[in-house]
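# Structural characterization, general
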Amino acid sequence: MNFAKEIRRLAAEKGALILAHNYQPAEIQDLADITGDSLELARKAKEAKEATLVFCGVYFMAETAKILSPEKTVLIPRPEAGCPLADQLTPSSVRAAKEAHPGSPFVVYVNSNAATKAECDITCTSANAADVVRSLKEDTILFGPDANLAAYAQRMVPEKTIIPVPKNGGCPTHHQFTVRDVLAARREYPDASVICHPECSPEVQLASDLVGSTGYMIRRSGEKKEWVILTEKGIIHPLQKKYPHVLFHGIDTAVCPTMKLITEEDLYITLRDGVFPIQVPESIGQRARLAIERMIEASV
Ligand code: 13P
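In the annotation of an unreviewed UniProt entry, the protein chain is listed under the name Quinolinate synthase and assigned to Methanocorpusculum parvum. What UniProt states about the protein chain under its Cofactor (unreviewed entry) heading is, verbatim, "[4Fe-4S] cluster".

Quick look at the structure:
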């Protein structure tokens, strides 16, 4: 079967919008109506007119779309596609941190579960973490679960005190990069600039030329002729597509296994059978929605 053709036919027949994150397999990105970083996709999902959204990404991304649009059907082709970061912060650890720091708001990275978001004041993505922190009137801010993103926000907003919760939360795919990798890449590609994701360690961030979300990478990469890209290597596909004359060096080991689960066949079955719908209990969805909507308002 020509899955690509059938996917586009079924999407048109069912009036479904397909969204795919920048880390998805190339063939899934190419079949999507919209690709982007987590903030861009959350915004597009909220604005979408279609009653059915098919989210090709990891679970929290589809869940965020459902929380923002409870009236829509949001389907994920592989519901087991989790994010290792999401399980590093639980609702009870948010409550404990808030009790230990009364009056301090909790900024939760969207890479978290709905029940955790529901306990927090505002969400952020890697694209707007600094804007979100700046938007808060309080001086001391709890931030989790990614301690590297917390350190990035701290560097961007030095006037605030950011407390990471947990102390060492992080994404294994980004955490593997070291300063030694940056130096080795600079030796191997002396003409290249280095751009890394803010989920990389603070040392790697400081050793890089630019730091930003996957959407930021796509916006900025036209400025130079050669780049070393320190994030999940799926990003090379949209970069190369947008800038065919630019040279991109990804890191072969930078693979998020759950981002790579969805196949064309899975996407076809999702559209054919209406599986797998995301469900969020409204008692949680309502509170999580407030946190996500505050983020959307606070982002410039
Ligand atoms: P972006 O928000 O940059 O797309 O990153 C999402 C993510 O999960 C990074 O690991």
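Now that the structure has been shown, the text picks up again.
What follows deals with the site of the ligand. The environment of the ligand is formed by His 21, Tyr 23, Asp 37, Ser 38, Asn 111, Ser 126, His 174, His 197, Glu 199, Ser 213 and Thr 214. One of the side-chain N or O atoms of Ser 38 is found 2.5 Å from an oxygen atom in the ligand. In the model, an oxygen atom of the ligand is placed 3.0 Å from a nitrogen or oxygen of the Asn 111 side chain. There are two domains that each give the shell around the ligand at least three residues, and those are domain 1 (3-82 + 259-279) and domain 3 (173-255).

With that settled, the discussion passes to the sheet that holds strand S1 (residues 16-21). Working definition: the strands of a sheet are paired by backbone hydrogen bonds and lie parallel or antiparallel to each other. Spatially, the four strands line up as an open sheet ordered S2-S1-S3-S4, and their pairing is parallel. Looking at the sheet topology across the chains shown, the edges are occupied by strand S2 (34-36) and strand S4 (73-75). The mean angle between the axes of side-by-side strands here comes to 20°, regardless of whether they run parallel or antiparallel. Note: strand S3 (residues 52-56) against S4, three bridges, orientation parallel. Residue pairing for S4: Val 54 is matched across the bridge by Leu 75. Here helix H14 (residues 264-273) sits on the sheet and contacts S1, S3 and S4; the angle it forms with S3, its principal contact strand, is near 160°.

Here strand S5 (residues 106-109) shows two buried faces, one formed by Phe 106 and Val 108 and the other by Val 107 and Tyr 109. Bridge count for S5 against strand S7 (residues 140-144) is three bridges, and the pairing is parallel. Across the sheet, residue Val 108 finds its bridge partner in S7, namely Gly 144.

Okay, the packing of helix H1 (residues 3-14) against H14 next. Helix-helix packing: each pair is described by the crossing angle between the helix axes and the interaxial distance. H14 packs onto H1 with a crossing angle of 25° between their chain directions and a minimal axis gap of 9 Å. The angle between H1 and H14 places the two elements in the roughly parallel class. Crossing of H1 against H14: the hand is left-handed. Where H1 abuts H14, its residues Phe 3, Ala 4, Glu 6, Ile 7, Leu 10, Ala 11 and Lys 14 lie against Glu 264, Glu 265, Leu 267, Tyr 268, Leu 271 and Arg 272. Of the residues belonging to the contact of H1 with H14, the class tally is eight nonpolar, no polar and five charged.

Before going further, it helps to spend a moment on the side chain of Gln 24. Assignment of secondary structure puts Gln 24 in the loop between S1 and helix H2 (26-31). Reaching out from Gln 24, the side chain makes a polar contact with the backbone oxygen of Met 259 at a distance of 2.9 Å.

Considering all chains together, one arrives at one aromatic pair under this definition. Judged by centre distance (5.5 Å) and plane angle (50°), the rings of Phe 3 and Tyr 268 are tilted. Residue Phe 3 is located in helix H1, and its partner Tyr 268 is located in helix H14; the two are separated by 265 residues in the primary sequence.

A word on unusual backbone geometry. Following Gly 144, the chain continues into Pro 145 via a peptide bond in cis, with omega recorded as 5°. With respect to the helices, strands and loops of the structure, Pro 145 is situated in the loop between S7 and helix H8 (147-156). Cis peptide bonds are those with omega within 30 degrees of zero, and the linkage from Val 275 to Phe 276 qualifies with -5°. By the secondary structure assignment, Phe 276 is in the loop between H14 and helix H15 (282-298).

What counts and what doesn't
- Residues numbered from 1 in each chain as written.
- Predicted model: local features only at pLDDT ≥ 70, side-chain atom pairs only at ≥ 80, totals over all residues.
- Heavy atoms only, no water.
- UniProt positions renumbered as here; feature names shortened; annotations may be inferred.
- Near = heavy atom within 4 Å.
- Polar contact = N/O pair within 3.5 Å; in protein donor to acceptor, adjacent residues only side chain to side chain.
- Domains from an automatic or database assignment.
- Pairing = 2+ DSSP bridges.
- Helix = DSSP H or I, 4+ residues; strand = E, 2+ residues; numbered from the N terminus.
- Axes fitted to C-alpha atoms, helices over the stretch in contact; angles between N-to-C directions.
- Contact = heavy atoms within 4.5 Å.
- Buried < 20%, exposed > 50% of the residue type's maximum accessible area, 1.4 Å probe, protein only.
- Parallel < 35°, antiparallel > 145°, perpendicular 65-115°, else oblique.
- Left-handed = near helix turned anticlockwise from the far one by under 90°.
- Nonpolar A, V, L, I, M, F, W, Y, C, P; charged D, E, K, R; others polar.
- Phe/Tyr/Trp six-rings, centres within 6.5 Å; stacked < 30°, edge-to-face > 60°.

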